[in-house]
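Notes for the structure review
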Amino acid sequence: MTRYITMRVLSTIPVMVLVALFVFLMLRLAPGDPASVIAGDYATAEDVARIREQLGLSDPIVVQFLRWVGALIQGDLGTSIFSGKPVTELIGQRIEPTILLALTTIIFAVVVAVPLGTIAAFRAGSLLDRVVMLFSVSGFSVPVFVLGYILIYTFSMSLKILPVQGYKSPLVEGFGPFLYHITLPTVTLSVIFIALIARMTRASVIEVLEEDYIRTARAKGQSELTILMRHALRNAAVPVVTVIGIGIALLIGGVVVTESVFNIPGLGRLVLDAVLARDYPIIQGLILFFSFIYIFINLMIDLSYTLLDPRIRY
Amino acid sequence: MAVLEVTGLTVELPPSADRPYAVEDITLHVNAGEILCIVGESGSGKSVTAFSVMGLADKRALTPVAGTITLEGEDLLTASDQRLRKLRGEKMAMIFQEPMTALNPVLRVGDQIGEMLEIHTDLSASARKAKVIEAMRDVSLPDPEKMYRSYPHQLSGGQRQRIMIAMALTLEPQLLIADEPTTALDVTTQAQILKLIKDIQRRKGMGVMFITHDFGVVAEIADRVAVMKHGRIVEQGTVAEVLGAPKDPYTQKLIAAVPSMTPPERPEAQGSVALQTQALVKTYGQQGLFGSGRVVRAAQEVDLTVRRGETLGIVGESGSGKSTVARCVMRLIDPTSGAILIDGENIASLREGQLRPHRRDIQIVFQDPYRSLNPRRTVGQSIIEGPVNFGLAVPEAKARAAELMKVVGLSSDALERFPHQFSGGQRQRICIARALAMEPAILIADEAVSALDVSVQAQVLDLLDDVRERFDLAMLFITHDLRVAAQICDRIMVMNKGEVVETGHTAQVYADPQHAYTRALLAAAPGTGPGT
């Protein structure tokens, strides 16, 4: 087990190197030049060249890459071309809303989707099942930004029970205001995950309910509810947990859009602004950071299998 | 006194089924302290009868339309779901065929037995645990305190079935229903489990309804027997009446189809040596860097010789290495060391490209005809695929396939149909035709008749023997079933834990087994005990 974890952690290093190389090259291949953006519309060619020189953008790509990797190893993600602030500091400032939005979303999605999928499986073929599946299909089909505006229109503008936008930190303004502001973004973002997780839960539980040990539990005189809770759910958990892991990866894309719709000052906004300005160090730093989180979550998911199923041992 | 009485039970099938009723007009009873065996082939309705008693039959698909089921005078068909749940476990309990899948893989076995007490009693957790350990000791499980915390996959097949029995008997029910409880087990384990069920049943005076397809098991365990066919009971009586003087022609046919343990006279094979292995070894896993690796010796130093026109049986229990040997010979897995000679050429370490021309010389028929044919291809497509791969033109391959259909006793229009349109026995015939289409010199039958009903089994065995003679094949017949081996093998090789313990002419090995393991195996075969 320890050996397995060590191997997994070590194996993230080549992955991170590949991600770094890929990000670096893709950004340089994309059209657009940060120097001309900084210089502004009325700059001469000399001005642009001077700024390029200052930023080190006229060095050969290999030199730029090695300089960046060298700094990375020391934990330095570079400094923003525009604000001049270290990227780590910028990420630090914006990380809280994003992490909390991701957490509330995934918790809300799991709490809603797993029971929904289980009930649908238990009553497979019934009206209830069809309603859940209909919701699931629609959940996949509606884009986050459309759903966001529909919810804002309904709950904020018509019913006036929730704020239109903004973010309140639970650490500064307290938990109540935080929840008040985070509810709509959470619901908006979680709909697609509820759809995904509910579908997977339903399929997995239906399969498990056909197993012989479910029949054994019935033969013992166990009640249907306990059969579901004790015998079916845990056996159905591995595929569901896998999907939750994939969901967290997809969440990162959703967060960018949701933060824009609800004007939340998180990492998503930081990415958006950096992309529009061609602020290479920020984009590189953020993508690396997201990759690291993704790899870490996958490791956690793989380790959770051993808790769910005693037959799985590493 | 009757514990269970079933009178005129008729259970309807959904309209899409091939017959209107799953079971029709079933009347039987189980007395306290007796074992009633229900015997029948697949589809005879024996499991439906058992599940109807337990109230576990799927009510949407199987509706009882007539008759009554009473347990100690209480009507089960009209009982509420809640009442049925209470009766299950307390008054009637059930054990199943496959103890691996019947236990929940993610819960500890002790807790699974304890669940029975949790549902039906108010005992405290510690009192439950004490009772569970007592129940485990009752079924002779070693070191119950420690095993309490085991998961099902950590136990052997026999131990798992003991856990199931301990679970079923914790609350001392009056009726135990056993649905093929030993079918998935090895013969020696089967003998132990049968003895255990019989001992406990005598000790507690329980009534047992024991479902089986195996007349050997019936002879071993039954007081009375009911024979079922197509949803009806065709004959019922004491074990002496039914086995000794069967009245119904179907019973007579079934009993006649049970292969005898006495091998018939067979002429010595004189053909040339087609297949030989020398010191064949297969080990799994490898020594870890620090000596912590686990090595499984699946086959050790196996020497065998098969002549053309001869059948060599490899007999053994699960884990004996018999299938490993077959798969090595086929080069479906790579042997660790040793030689495999086909017509004198060693193929043990040929690379895939060099091996390919030899592939057609060895063909195999697998155990499960339901899974060894691609469900989305017609029978014809499956059969001609191999010859066409080896360069035969499609029309000629089709002509050969049509001819082979006649050889295996099917009509040639079968080629246009899909596997699901055939019965198990027919599918196994198709698999044999598929193997023969390659014109092999060697045919491997890996438990080829084990999944079939007895009456079908005898026909497929005859077919295999027939094609061996007609095409002068060298046949390697892998089986766990000593009765089957006695009927078809010229010589047999007994394997245990990867080692060959005994080889010889079939008649000689059965009459005078030299190795202790062979003797144990022959003694454990059901229906050979005293009084049968």
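Each chain carries its own residue numbering, running from 1 in the direction its sequence is written. Following the order in which they are written, the chains are lettered starting with A and the ligands numbered starting with 1. A pLDDT threshold of at least 70 governs which residues receive local features in this predicted model, and a stricter bar of 80 or more applies before side-chain atom pairs are shown or counted, although totals over entire chains, interfaces and linings include all residues. Note: side-chain values were computed over all heavy atoms of the structure, leaving out hydrogens and water.

Comments concerning a nonpolar patch on the surface
Residue and element names in this part refer to chain A.
- To count toward a patch, a residue needs a relative accessible area over 30% and no salt bridge; like charges are then connected within 9 Å, while nonpolar side chains (Val, Leu, Ile, Met, Phe, Trp, Tyr) are connected within 5 Å. Throughout, the Shrake-Rupley method with a 1.4 Å probe supplies accessible areas, and for residues the shown protein chains are the sole cover considered. For this analysis, a salt bridge means a side-chain nitrogen from Lys or Arg found within 4 Å of a carboxyl oxygen belonging to Asp or Glu. Taken together, Leu 21, Phe 22, Leu 25, Met 26, Leu 29 and Ile 61 make up a surface patch of nonpolar side chains, about 590 Å² in accessible area.
- Starting at the N terminus, helices and strands are each numbered in turn, a helix being any DSSP run of H or I of at least four residues and a strand any DSSP run of E of at least two. With five residues, the single largest contributor to the nonpolar patch is helix 1 (residues 2–29).
- Position of Met 26 among the secondary structure elements: in helix 1.

Describing the side chain of Asn 104 of chain B
- One can find Asn 104 of chain B in the loop between helix 3 (99–102) and helix 4 (109–120).
- Since its relative accessible area comes to 0%, Asn 104 of chain B is described here as buried.
- Residues adjacent in sequence count toward polar contacts only when both atoms are side-chain atoms; beyond that, a polar contact is any pair of N or O atoms within 3.5 Å, and within protein one must be able to donate a hydrogen and the other to accept it. At 2.7 Å, the side chain of Asn 104 of chain B forms a polar contact with the side chain of Asn 235 of chain A.
- Contacts were defined at the residue level, with two residues in contact if any of their heavy atoms lie within 4.5 Å. Excluding residues that lie within four positions of it along the chain, Asn 104 of chain B makes contacts with Tyr 213, Arg 230, His 231 and Asn 235 of chain A together with Gln 112 and Pro 152 of chain B. Only protein chains enter the area calculation, which uses a 1.4 Å probe; residues under 20% of their type maximum are buried, those over 50% are exposed, and those in between are partly exposed.

Looking at the environment of Ser 260 of chain B
Residue and element names in this part refer to chain B.
- When you line up the elements, Ser 260 lands in the loop between helix 11 (249–257) and strand 11 (273–284).
- Distance in space between the C-alpha atoms of Ser 260 and Leu 473 is 24 Å, their sequence separation being 213 residues.
- For Ser 260, the contacting residues outside a window of four places in its chain are Arg 483, Ala 486 and Gln 487.

Some points on the sheet that holds strand 3 (residues 35–40) of chain B
Residues and elements named next belong to chain B.
- When DSSP finds two or more bridges between two strands, those strands count as paired. On the basis of which strands lie adjacent, the open sheet formed by six strands has the order 6-7-8-3-9-10 and mixed pairing. Only two strands of the sheet have a single neighbouring strand rather than two, namely strand 6 (92–95) and strand 10 (232–238). When strand polarity is set aside, the average angle formed by the axes of neighbouring strands in this sheet is 15°.
- Pairing of strand 3 with strand 9 (residues 224–229), which is carried by five bridges, proceeds in the parallel orientation. Bridge pairing in strand 9 links Val 39 to Val 227.
- Here helix 11 sits on the sheet and contacts strand 9 and strand 10; the angle it forms with strand 9, its principal contact strand, is near 100°. Whenever a helix is involved, its axis is fitted only over the stretch in contact; in every case the axis is a line through C-alpha atoms, and angles between N-to-C directions fall within 0 to 180 degrees.

So, the confidence of the model for chain B
- In this model, chain B carries an average pLDDT of 90, and 97% of its residues clear a pLDDT of 70 or more.
- Per-element averaging of pLDDT across chain B places helix 3 of chain B at the bottom with 88 and strand 13 (residues 311–315) of chain B at the top with 95. A residue's pLDDT is the predictor's confidence in that residue, given on a scale from 0 to 100.

Quick look at the interface of chain A and chain B
- Every contact between the two is made by 18 residues of chain A and, on the other side, 26 residues of chain B.
- Buried area is a sum: the accessible area each of two parts loses on coming together, probed at 1.4 Å, counted once for each and added. A per-residue breakdown of the area chain A buries against chain B is headed by Arg 215, Ala 219 and Lys 220 of chain A, which together make up 29% of the total.
- For the interface between chain A and chain B, the tally reads three salt bridges.
- Between Glu 115 of chain B and Lys 220 of chain A there is a salt bridge, with its nearest N and O atoms 2.7 Å apart.
- Linking chain A with chain B are 14 residue pairs in polar contact (both at pLDDT 80 or more).
- Where the side of chain A that touches chain B is concerned, the elements lending two or more residues are helix 9 (212–219) and helix 10 (224–261) of chain A.
- When residues of the side of chain A that touches chain B are assigned to their parent elements, the largest contribution, six residues, is made by helix 9 of chain A.
- Across the side of chain A that touches chain B, the residue classes tally to four nonpolar, six polar and eight charged. Asp, Glu, Lys and Arg are counted as charged, while Ala, Val, Leu, Ile, Met, Phe, Trp, Tyr, Cys and Pro are counted as nonpolar; the rest, among them Gly, fall into the polar class.

So, the pairing of strand 16 (residues 362–365) of chain B
All names here are of chain B.
- Of the two faces of strand 16, the one holding Ile 362 and Ile 364 and the one holding Gln 363 and Val 365 are both buried throughout.
- Where strand 16 lies against strand 17 (residues 442–446), four bridges are found, and the strand directions are parallel. Along strand 17, the bridge assignment pairs Ile 362 with Ile 442.

As for the packing of aromatic side chains
- Pairing of aromatic rings covers Phe, Tyr and Trp, the last counted by its six-membered ring, and requires centre-to-centre distances within 6.5 Å; plane angles under 30 degrees mean stacked, over 60 mean edge-to-face, and any other angle means tilted. Taken as a whole and assessed by the stated rule, the structure comprises seven aromatic pairs over all chains.
- For the ring pair Phe 24 of chain A and Trp 68 of chain A, a centre distance of 5.7 Å and an interplane angle of 20° mean the geometry is stacked. With Phe 24 of chain A in helix 1 and Trp 68 of chain A in helix 4 (residues 61–73), this residue pair connects regions lying 44 residues apart in the sequence. The pair Phe 24 of chain A / Trp 68 of chain A is uniform in exposure class, with both members buried.
- With a centroid separation of 6.2 Å and an interplanar angle of 55°, the aromatic rings of Phe 65 of chain A and Trp 68 of chain A are classed as tilted. Of the two residues, Phe 65 of chain A and Trp 68 of chain A both sit in helix 4, three residues apart, roughly one turn of that helix. The pair Phe 65 of chain A / Trp 68 of chain A is uniform in exposure class, with both members buried.
- Ring pairs connect the aromatic residues Phe 24, Phe 65 and Trp 68 of chain A, which therefore count as one cluster.
- Note on criteria: charge over ring means Lys NZ or Arg CZ within 6 Å of the ring centre, with the direction from the centre no more than 35 degrees off the ring normal. The cationic tip of Lys 129 of chain B hangs over the ring face of Tyr 148 of chain B; the distance from NZ or CZ to the ring centre is 4.7 Å.

Things to note about the side chain of Thr 10 of chain B
All names here are of chain B.
- Counting through the fold element by element, Thr 10 comes out in strand 1 (residues 2–12).
- The exposure class of Thr 10 is buried, given its relative accessible area of 10%.
- At a separation of 3.1 Å, a polar atom in the side chain of Thr 10 contacts the main-chain amide nitrogen of Asp 25.
- When residues no more than four places from it in sequence are discounted, the contact partners of Thr 10 are Tyr 21, Val 23, Glu 24, Asp 25, Thr 63, Pro 64, Val 65 and Ala 66.

Quick look at the UniProt feature "domain: ABC transmembrane type-1" (unreviewed entry) in chain A
- UniProt positions are given in the numbering used here, feature names are shortened, and annotations may be inferred rather than shown by experiment. Within this structure's numbering, the places UniProt gives as "domain: ABC transmembrane type-1" (unreviewed entry) are residues 95–305 of chain A.
- In the segment residues 95–305 of chain A, helix accounts for 83% and strand for 0%; the C-alpha atoms at its two ends are 29 Å apart.

Side note on the packing of helix 8 (residues 187–204) of chain B against helix 20 (residues 516–524) of chain B
Residue and element names in this part refer to chain B.
- Contact geometry of helix 8 with helix 20 gives a least axis separation of 8 Å together with a crossing angle of 50°. Comparing the axis directions of helix 8 and helix 20 gives the class oblique. The handedness of the crossing between helix 8 and helix 20 is left-handed. Here Val 187, Thr 188 and Ala 191 of helix 8 lie close against helix 20, whose contacting residues are Ala 520, Leu 521 and Ala 524.
- Residue classes in the contact of helix 8 with helix 20 are distributed as five nonpolar, one polar and no charged. Angles below 35 degrees are treated as roughly parallel, those above 145 as roughly antiparallel, those between 65 and 115 as roughly perpendicular, and all remaining angles as oblique. Put simply, a crossing is left-handed when the front helix is turned counterclockwise from the back one by less than a right angle, and right-handed when it is turned clockwise.

A word on the nonpolar core
All names here are of chain B.
- In terms of nonpolar packing, the biggest core is built from 89 residues, with Val 53, Met 92, Met 94, Ile 165, Leu 175, Met 209 and Phe 210 touching the most fellow members.
- Among the elements that line this core, the one with the most residues is helix 7 (residues 157–169), at seven residues.
- Ignoring anything within four residues of it in the chain, the contact list for Leu 175 reads Val 3, Leu 4, Val 30, Val 53, Leu 71, Lys 91, Met 92, Ala 93, Gly 207 and Met 209.
- Take the buried residues of types Ala, Val, Leu, Ile, Met, Phe, Trp, Tyr and Cys, join any two whose side-chain atoms come within 4.5 Å, and each joined set is a nonpolar core. With 54 residues, the next largest nonpolar core counts Val 187, Leu 373, Ile 432 and Ala 486 among its residues.

Focus: unusual backbone geometry
Residues and elements named next belong to chain B.
- Here Glu 72, not a glycine, exhibits a phi torsion of approximately 45°, which is positive.
- Note that Glu 72 resides in the loop between strand 4 (63–71) and strand 5 (74–75).
- Notably, Glu 447 is not glycine yet its phi reads approximately 55°, a positive angle.
- Tracing the backbone shows Glu 447 in the loop between strand 17 and helix 17 (454–470).

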